[in-house]
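What follows is the residue order along each chain.
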Amino acid sequence: QQPVQSPQAVILREGEDAVINCSSSKALYSVHWYRQKHGEAPVFLMILLKGGEQKGHEKISASFNEKKQQSSLYLTASQLSYSGTYFCGTGPNAGNMLTFGGGTRLMVKP
Amino acid sequence: GAGVSQSPSNKVTEKGKDVELRCDPISGHTALYWYRQSLGQGLEFLIYFQGNSAPDKSGLPSDRFSAERTGGSVSTLTIQRTQQEDSAVYLCASSSRPKNYGYTFGSGTRLTVV
């Protein structure tokens, strides 16, 4: 069963913050986050493993709450380049394939 | 190679014809995945190869779909007797250690069945 992402779409002004949520009905081993720009392949952002760790890269970070089977992606001080569709991918076991959510369309306007 | 290479980038075929889509993963990546993405939709899992293990075919939508991976490297996804609902972008991805590493996706093959 695919994870549920929310919101489905969000529009921001440059410099604003956003949170994208990913929720699963199954116990999770890992959560991946990817960004896909129109007409391009998805690009890997980060992976979080069970243990409740939080990761960050510049102004994009994520958290993973394995008890709640949820992950959140945080984008702070958004830039135009952040526009795209964000997908979470969840893995119930180590080494298995990911099941992807339906995506969150993010548009950052000047 | 430097990235995951897929060919062809675009394929238009007539309904009922067979098509073959090719994926050349990053050298040394043991895991290879095929996903399908319909217009404006998420990524639908099709099949997963890990090293020399039997592939996980649980995502293949019908017996018209098959895939193989030769020599632990190049993979071919074959769709027989194509239908209009097979139209989508077929994405291949590879990973070095699927347990802890992200996927690198190819640019995809856009399949249009007319």
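Provided above is the structure to which this section pertains.
It should be emphasised that the depicted structure is a prediction, and the values quoted were computed from it without experimental measurement.

(A) Layout of the state of the cysteines. Counted under the stated rule, the structure contains two disulfides over all chains. Sulfur-sulfur distance for the disulfide between Cys22 of chain A and Cys88 of chain A comes to 2.1 Å. Measuring handedness by torsion sign, the sulfur bridge of Cys22 of chain A and Cys88 of chain A sits at about 70 degrees and is right-handed. With Cys22 of chain A in strand β3 (residues 18-23) and Cys88 of chain A in strand β9 (residues 84-91), this residue pair connects regions lying 66 residues apart in the sequence. For the pair shown, Cys22 of chain A and Cys88 of chain A are each scored as buried. Here Cys23 of chain B engages in a disulfide with Cys92 of chain B; their sulfurs sit 1.9 Å apart. A torsion of -65 degrees about the S-S bond marks the disulfide between Cys23 of chain B and Cys92 of chain B as left-handed. Here Cys23 of chain B is found in strand β3 (residues 19-24), whereas its partner Cys92 of chain B is found in strand β8 (residues 88-95), with 69 residues between them in sequence.

(B) Looking closely at the packing of aromatic side chains. Residues and elements named next belong to chain A. Overall, the coordinates contain twelve aromatic pairs over all chains when judged by the stated rule. Both rings, one in Tyr34 and one in Phe100, keep their centres 5.6 Å apart while their planes meet at 65 degrees; by these two values the pair is edge-to-face. Note that Tyr34 is positioned in strand β4 (residues 30-36) and Phe100 in strand β10 (residues 99-100), a separation of 66 residues in sequence. Of the two residues examined, Tyr34 and Phe100, each falls in the buried class.

(C) Up close: the environment of Asn65 of chain A. Residues and elements named next belong to chain A. Mapped onto the elements, Asn65 comes out in strand β7 (residues 60-65). Exposure remark for Asn65: the relative accessible area of 32% places this residue in the partly exposed category. Sequence separation between Asn65 and Ser30 is 35 residues; the distance between their C-alpha atoms is 10 Å. A polar contact of 3.1 Å, which involves the side chain of Asn65, links it to the backbone nitrogen of Lys67.

So, how was this worked out
- Residues numbered from 1 in each chain as written.
- Chains lettered and ligands numbered in written order.
- Predicted model: local features only at pLDDT ≥ 70, side-chain atom pairs only at ≥ 80, totals over all residues.
- Heavy atoms only, no water.
- Disulfide = S-S within 2.5 Å.
- Helix = DSSP H or I, 4+ residues; strand = E, 2+ residues; numbered from the N terminus.
- Buried < 20%, exposed > 50% of the residue type's maximum accessible area, 1.4 Å probe, protein only.
- Phe/Tyr/Trp six-rings, centres within 6.5 Å; stacked < 30°, edge-to-face > 60°.
- Polar contact = N/O pair within 3.5 Å; in protein donor to acceptor, adjacent residues only side chain to side chain.

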